[in-house]
Every structure is written in structure tokens, then in C-alpha cells.
Amino acid sequence: KVVVGDQDGVITCFGIKKGEAVPVFKTLPGQKIARLELGGALNTPQEKIFVATGSEVRGFTKRGKQFLSFETNLTESIKAMHISGADLFLCASYIYNHYCDCKDQHYYLSGDKINDVLCLPVDKVNCITPVLACQDRVLRVLQGSDLLYEAEVPGPPTVLALNNGNGGDSGEEIVYGTSDGKLGLIQINGSKPIPKWEIGNEKKRGGILCIDSFDILGDGVKELLVGRDDGVLEIYNFESADDPALRYDHALSESIASIQGGCVGKDGYDEILASTYSGWLTGLTTEPVHREGGSGEELKLSQEMQSKISSLRNELEHLQIKVLQEREKYQQSSQSSTAVSAVPAFSVNDKFTLNKDDASYSLILEVQTAIDNVLVQSDVPIDLLDVDKNSAVVSFSSCDSEPNSNFLLATYRCQANTTRLELKVRSIEGQYGTLQAYVTPRIQPKTCQVHQYQIKPLSLHQRTHSIDHDRPMNALTLKGQFSFAEIHSWVVFCLPEVPEKTPAGESITFYFQNTFLGTQLESTYRKGEGCFKSDNISTISILKDVLSKEATKRKINLNISYDVNEESVRHTLKLIHPKLEYQQLLAKKVHLIDALRELQVHEGNVDFLLPKYRSILEEADQLLEEYKRQPAHLERLYGMITDLFIDKFKFKGTNVKTKVPLLLEILDGCDQDGLIAFFETA
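Rules of the game
- Residues numbered from 1 in each chain as written.
- Predicted model: local features only at pLDDT ≥ 70, side-chain atom pairs only at ≥ 80, totals over all residues.
- Heavy atoms only, no water.
- Domains from an automatic or database assignment.
- Contact = heavy atoms within 4.5 Å.
- Buried area = accessible area lost by both parts, 1.4 Å probe.
- Salt bridge = Lys/Arg side-chain N within 4 Å of Asp/Glu carboxyl O.
- Polar contact = N/O pair within 3.5 Å; in protein donor to acceptor, adjacent residues only side chain to side chain.
- Nonpolar A, V, L, I, M, F, W, Y, C, P; charged D, E, K, R; others polar.
- Axes fitted to C-alpha atoms, helices over the stretch in contact; angles between N-to-C directions.
- Helix = DSSP H or I, 4+ residues; strand = E, 2+ residues; numbered from the N terminus.
- Parallel < 35°, antiparallel > 145°, perpendicular 65-115°, else oblique.
- Left-handed = near helix turned anticlockwise from the far one by under 90°.
- Pairing = 2+ DSSP bridges.
- Buried < 20%, exposed > 50% of the residue type's maximum accessible area, 1.4 Å probe, protein only.
- Arc of directions from axis to C-beta.

A. Representation of the domain arrangement of the protein chain. We note that the domain assignment places domain 1 (2-207), domain 2 (208-286), domain 3 (348-454), domain 4 (461-564) and domain 5 (570-681) within the protein chain. Summarising the inter-unit geometry, the C-alpha centres of domain 2 and domain 3 are found 31 Å apart. Of the residues lining the interface, 7 residues belong to domain 2; the matching set on domain 3 comes to 10 residues. Taken together, both faces of the contact between domain 2 and domain 3 bury some 730 Å²; the carbon and sulfur share is 41%. Three residues stand out in domain 2 for area buried against domain 3, namely Asp-229, Asp-230 and Tyr-277, and they jointly supply 66% of the buried area on that side. Where domain 2 packs against domain 3, one counts 2 salt bridges. Counting every contact that joins domain 2 to domain 3 gives 4 residue pairs in polar contact (both at pLDDT 80 or more). Residue classes in the side of domain 2 that touches domain 3 are distributed as 1 nonpolar, 3 polar and 3 charged.

This is the structure in C-alpha cells:
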């Protein structure tokens, strides 16, 4: 049997007989179901159904009879839930609560948003050990209401699962999946975490939303089933305990909300069942599709198939007639004298995240019905990058950036049945504002939803666990009559991945890395004082401008002092130079391709060319592809070096804007020593 909870608050339980879904029970609609878990007494079949809706937990038997309605004391909606025997673990955005037999036991306030919760199996580890997956790239391990320790993971963890479904031999092993598509196994023992293995996201696939362990290959070892937000379903098997290898993958058209292995459709044949965002349930079976045997067998199979196809056709025709009738009914009612126009409600699943690999933002929009078009507008200069998976037709409109500061207006027209659209944008640090997406699905009457995304002043910075303290650092110190909450709100305004809630305690330190250049930033602040250190003087300059502007808005007097390290400019130039050299060489090669191809056509062969030109011709397609994928990359680097030059002298009180043309000439020459000398003597 399969049980599913949906966004309309309906719980549906069904089985499969002869390829048809046979309902067992269905509840009435209500609040959206955030989580659904199976539970029961420890070491017995887990057959009780528990769902979390709003701040309430309900329990149902496998026949659909409700036996529990527990209204928790949480003020926010439940985001994550785990059940172990009589123990119930619930999390809202920042709050964790543990209940035993519906009585409050423990409480914990997390420093960042909680994405998932899990408890190590009590029968194996003999104590209750809850683990929280938090947005700031850590797993927080608790003991009672206290933090035992934190385990660092390589990305923001979105989902946790017990290894093998039972925590492995020790019961301490947890598999985690991150929003940037990484997968890992970590052992949580009493004193410290032990990382076992980690799989990066080499294929640039989506973030991980769900994990299950099930022996689908029938080799006696449970495989790892993984569902991602770009619709890719993966099966990893284990040659040895610490060496998972991707065995199979399958692409669905929308994000996978849940994944389970089990026997559903036919005895003796295991299946993987996945539910996707818009409400589809898809089963992948181990049953062979083409049966072996004589023609009689095949005929029987084809007749079975034909009857199935004809019943589906009938169902489809019936639905089409129903839709036409409803549409006519709506048209008539909308034209009558007592017409009431109703705006159809639809939900958009959106995600705006920074990719570390190419320092760009991914905007993923997913709607439960087909998308007609998406209009993207921005009041700051940003570049739209190509996305391979994107089949939508894009058209740009000219913008007048002066009066209304409108820098980008682009329309994506989607092909029929597109429910998911992925865009990539790259911003410029120091230029901040709002990106807006107007989403119009293919529903009548035409309706549009607007979603806004903040482009922050230091938009290309990403949180990191630690930085290199040996680098030459510039420092910016602020002092004034401001509270801890006020300076925290300014940092939230400037930098991504900072929790909106003011941290507990007197002071806080965050570390960041610039994903484009690899420079770093350390920010430490408390009530009345803030200190920001970076090896990139432009980062300090942007912070100084934005923080003074924010303080002025609130009429707060700031005492700003800075300590500029001359060595840091040379260090930053050395970080930028290899990128600059690579992009200049790429641009030169791309400019030569047309001429070389013309030579090839005229001469018939290219044996007379120098090897370096021959290799350009051989790699022409890859070079053009790479150049197309990152437009304006070279201009970006020129802009960053120019900003660095202006910022260095701005802190000395000198305006060097007249010397910029000279600097650009030196940049075209691509001489690192000449560039450093120019910075030092200008």
C-alpha cells in the first residue's frame, strides 16, 4: 500500500491491482501537509500514519481511522518531523521540540533555519540523539535541550536519512543531501563527528530533496535512492562500505518531493516510487517489460497493453469533455449580469541560490500547471547566462535605465507542458537592488504572480566554515550608538546566507568567500561595534558605502576607521591574473576561429598551419560553447581590476578616474608585473 499527503491537505492511501490504483481511504481537504511519516511501537511494523499540517500533528490507522489530533505549542508551521516509537521530534523554522507521548520534553533554538530532523535509533545507541540539518552548512547534534556539538558539511543540508534505514551497524551513521547536490555519510558518535564518504556534484545536477535505502537490485545490500529538484532520480550501490557508485539514473520532468522503495504493483517485483511537485506518482519497476517466451505470450501481453491504453484514452476523453463543459460554464457566468471574476490560485515553488562553481545565481521556478511565460525584470545590471536544460524561447526588450533604473527586461516563452524553468544570472558586486519574476501559467482566466529576489551588495559572497588568516587583510571598523539587532540587519542587507533572526549571545562572527575571485571576508560585530576584514579592498569599500548609507537612513552617527594593507592589492591582483590571462586567451582564440575555418575551406586541409592553430580548429566547438556560456566574463574582470584601482586610491583620498584609460591599455597587454607596477606608481 502507498500513502500520500498533498498540498490540499488530503491523505490518500491506495494499492495497485492489475495495473490500476485501488483506493483504500481518502481524507477531506484541509491545511497543506508539510510532512508525512510512518510510525508505531519500536521493533514492530511501522503502520501508523502521522502527518504534520500547520502546527498540528494527526495520526491515522492503516484503514484511515483518525486516532490522534495533537495541537502543538509551536507558533509557526511545522517544517520537519521525525517519529521514533512514542517520541515525536518537530521543527519549525528555528525551533526544535521533542515530545514523548504528546508531552513536552525538550526545546532548542537554532542559530539558522532547520531543514530536517532525525533521531539515531534508540534501540542501537541506547539514548535519544536528535540531529538537526541547518541552513548554515552544519548538522547540530543535541542532547536533551543542549547542543552536544556541530558537524560541518560541504553545503546547506536539506535532507537526512539513517544509513541503510537503520543507522548502519553502529546505528550512528547518517546520510545527508545538500541543496547544491552533494551527498555524504557521517558517523555521529558521543564525542565528535566522523565523515565517512562524500560525493560531489560533478554533473551539475539539482539539489537533493529526498533519500531512501532499499535493496532494489536484489543483491542483499541496500542501495541508496536519491531524488533531486531537477527531476533526476538516482540509484547508488556499494562495491564496498565507503565507496558508493552511481548505478542508474532516470530523469523526470519536475522536482522529486519524495522517494521510496518497496513492492507495490506486483508480487516478487520491487519498485521505486517517486512523487513529484505537481502531484504525479511515478513507479520504476524491476519487472521485465518484454516477457520471454513464444508469440502467444507476446500476444497476451499486447492485448493487456491495448485494453490499458484504451481505458486511458476513454478517461482522457472524459476529462477533456469535462474541462470544455466547465470552461463554457465559466464563460457564461463571467458574461452574466451578476458576474464575479475569480482569480485562480496557484502555488510557485521557487529557489534562488548562488552556485559556487561559476559564481552565478540559479533561479528555479516550478508551477503545478504548465507555464505560459515568465517575464524577468531587474533594476540592477545583471547578465543572463545560458542554461542547457532550458528549452524556453527568450526575447529581450530594450530598457531605459535612466529615469526608472530598469536594466533588464526579458521574456521566456515556454513550450507546451513545461512546468519547471531554470534561469541563470550573474550580478556585479556593489550594485544592489531587486530581480522580479512575473510568472504566468496556462490557466484561464490569465493570472500572473510576481516573485521578488534581492540582489545584495556583496551578492557573490558565500558562507564558509573557516578562512586563511595568513592573507594580508584590510580592516573596516564601525563604532556608534546602534544595537546588536540593528547592525545584524545591516549585515543581512549586505550579504547572502545570513540568518534573518538576530543571533543569540553578545557578539557573532561570520566567514565568507567570494565565489568569483576566491577572496575572503570576516565579519565580527556586537552592540555598538563592528569589524570587517577582507583581503580585497573593493569588498571593504562596498561595505563602507552601504553601511554608512544604512546608518544615515536611521539617523545613527557612525565613527568609521579603516586600516588599508598595501600588500593586499598585490595579493588580489595575483588572484585575478590567472583568470584574466585565461579569458584573454579564450577571446583571442574565438576571434581566430572564423578566419581559420575560411583558410581550411580554401586550402582543403590544414597541415601547413602551426600546431597551436590546428588545435584551435579542433577545439573550435568547445571554445565557442565556453565563450557563449559566460558572456561578458572578460569585461567583468576588467571592471573588478578598475574598481580595485579606484578603491585603493579612494582610501588615500585621491581620485584616479582620469588614469583608467591607461590602466585598460596595460590590461590589454596582459603583463602581471606591469600591472602591479602601475598600481604602485600611479
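Resuming the write-up.
B. Main features of the packing of helix 4 (residues 484-494) against helix 5 (residues 537-553). At a minimum axis distance of 10 Å, the contact between helix 4 and helix 5 shows a crossing angle of 130°. On the basis of the axis angle, helix 4 is oblique to helix 5. As for how helix 4 packs across helix 5, the hand of that crossing is right-handed. Seen from helix 4, the contacting residues are Trp-490, Phe-493 and Cys-494; seen from helix 5, they are Leu-543, Val-546, Leu-547, Glu-550 and Ala-551. Tallied by class, the residues present in the contact of helix 4 with helix 5 amount to 7 nonpolar, no polar and 1 charged.

C. Structural view of the sheet that holds strand 2 (residues 11-17). Read across the open sheet, the 3 strands follow the order 1-2-3; overall the sheet is antiparallel. At either margin of the open sheet sits one strand with a lone partner, and together these are strand 1 (2-5) and strand 3 (20-26). Across this sheet, the average inter-strand angle for adjacent strands is 30°, counted without regard to direction. Where strand 2 lies against strand 3, 6 bridges are found, and the strand directions are antiparallel. In the strand pairing of strand 3, Thr-12 is matched with Lys-26.

D. Structural detail: the packing of helix 7 (residues 611-618) against helix 8 (residues 620-629). Contact geometry for helix 7 and helix 8: axes closest at 4 Å, N-to-C directions at 65°. Here helix 7 lies roughly perpendicular to helix 8, going by the angle between them. Taking contact as the criterion, the partners of Ile-616, Leu-617 and Glu-618 in helix 7 are, on helix 8, Ala-620, Gln-622 and Leu-623. Classifying every residue of the contact of helix 7 with helix 8 by side-chain character gives 4 nonpolar, 1 polar and 1 charged.

E. Highlighting helix 11 (residues 672-681). Considered for burial, the residues of helix 11 that qualify are Leu-675, Ile-676, Phe-678 and Phe-679. Considered in projection along helix 11, the buried side chains sweep an arc of 160° and stay on one side of the axis. Counted as exposed and oriented over 90 degrees from the buried face of helix 11: Asp-673 and Thr-681.

F. Region of the structure containing the pairing of strand 37 (residues 474-480). By the criterion of burial, strand 37 is predominantly enclosed, with 5 of the 7 residues buried. The sheet contact formed by strand 37 and strand 40 (residues 529-534) spans 6 bridges and is antiparallel. Bridge pairing in strand 40 places Leu-476 opposite Phe-532. Note that strand 37 and strand 41 (residues 558-563) share 6 bridges and pair antiparallel.

G. Here's a closer look at the pattern of salt bridges. Overall, the coordinates contain 28 salt bridges when judged by the stated rule. A salt bridge links Asp-136 to Arg-140; the nearest nitrogen and oxygen atoms lie 2.8 Å apart. The pair formed by Asp-136 and Arg-140 is uniform in burial state, with each residue classed as buried. When the shortest N-O distance is used, the salt bridge between Asp-249 and Arg-205 registers 2.5 Å. Of this pair, Asp-249 sits in strand 23 (residues 243-251) while Arg-205 sits in the loop between strand 19 (193-199) and strand 20 (208-214); the two residues are 44 residues apart in sequence, bridging distant segments of the chain. On the accessibility criterion, Arg-205 (18% relative accessible area) is buried. A network of salt bridges, in which partner residues are shared, links Arg-205, Arg-228, Glu-234 and Asp-249.

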